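# Structure at a glance
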Amino acid sequence: MVYRGEYQSHIGFRERLYKLKEQGKKIYLITARHDYCEDGEPVEFDGDKLIPVKGMPRDELRDFYKDFGFDEAISEHRKSMR
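Below: a short report on this structure.

## Structural notes on the overall build of the chain
Counting secondary structure elements, the chain contains two helices and two strands. Reading the chain from its N end, one meets helices and strands in the order α-β-β-α. On the principal axes, the C-alpha backbone points of the chain span a range of 40 × 30 × 15 Å. Expressed as a percentage of the 82 residues in the chain, the buried residues total 30%. Once local pairs closer than 6 in sequence are excluded, the contacts in the chain between residues at least 24 apart make up 57%. A total of about 6,000 Å² of accessible surface is found on the chain, and carbon and sulfur atoms cover 49% of it. Distance between charge centres in the chain, computed from 16 positive and 17 negative side chains, equals 4 Å.

Right under this line is the structure:
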């Protein structure tokens, strides 16, 4: 759902997760390297044109999704966010 950590994509994705949670669904989110911007700037696409956009910093990702399983994890490698 998110490519290179674009912040706006995270907002839309989180809204969808909240709707599922409101319906009683249990959600456990697993993050990966593409979910935050650490090297390189996130972009959005306009045809073939790349437009720089705000990114999700790695150190904010966990708190942004705190309602979706991070606090219930059996194990967590905080350095890699996996």
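## Here we look at the side chain of histidine 10
Position of histidine 10 among the secondary structure elements: in helix α1 (residues 7–22). With relative accessibility at 1%, the residue histidine 10 sits in the buried group. Residues in contact with histidine 10, not counting those within four places in the same chain, are Val2, Gly5, Asp35, Met56, Leu61, Phe64 and Tyr65.

## A short note on the packing of aromatic side chains
On inspection of all chains with the given rule, the structure shows five aromatic pairs. Each member of the aromatic cluster is reached from another via a ring pair, and the members are Tyr7, Phe13, Tyr18, Phe64, Tyr65 and Phe68. When the ring centre of phenylalanine 64 is taken as reference, the NZ or CZ atom of arginine 14 above it lies at 3.7 Å. We note lysine 21 situated over the ring of phenylalanine 68; from NZ or CZ to the ring centre the distance is 5.5 Å.

## Some points on a nonpolar patch on the surface
The grouping of Tyr3, Phe45 and Leu50 at the surface amounts to a nonpolar patch, some 330 Å² of accessible area in total. Looking at the element boundaries, tyrosine 3 is found in the segment before α1. Among the residues examined, tyrosine 3 registers a relative accessible area of 41% and is labelled partly exposed.

## Let's talk about the pairing of strand β2 (residues 49–52)
In this structure, strand β1 (residues 43–46) lies alongside β2, joined through four bridges in antiparallel fashion. Directly across from phenylalanine 45, in β2, lies its bridge partner leucine 50. The hairpin formed by β1 and β2 contains two residues between the paired strands, and glycine 47 there has a positive phi angle of roughly 65 degrees.

Conventions adopted
- Residues numbered from 1 in each chain as written.
- Predicted model: local features only at pLDDT ≥ 70, side-chain atom pairs only at ≥ 80, totals over all residues.
- Heavy atoms only, no water.
- Helix = DSSP H or I, 4+ residues; strand = E, 2+ residues; numbered from the N terminus.
- Buried < 20%, exposed > 50% of the residue type's maximum accessible area, 1.4 Å probe, protein only.
- Contact = heavy atoms within 4.5 Å.
- Areas by Shrake-Rupley, 256 points an atom, 1.4 Å probe, with all protein chains shown as cover.
- Lys, Arg positive; Asp, Glu negative; His and termini not counted.
- Charge placed at Lys NZ, Arg CZ, Asp CG, Glu CD.
- Phe/Tyr/Trp six-rings, centres within 6.5 Å; stacked < 30°, edge-to-face > 60°.
- Lys NZ or Arg CZ within 6 Å of the ring centre and 35° of its normal.
- Patch = residues over 30% accessible without salt bridge, like charges linked within 9 Å, V, L, I, M, F, W, Y side chains within 5 Å.
- Salt bridge = Lys/Arg side-chain N within 4 Å of Asp/Glu carboxyl O.
- Pairing = 2+ DSSP bridges.

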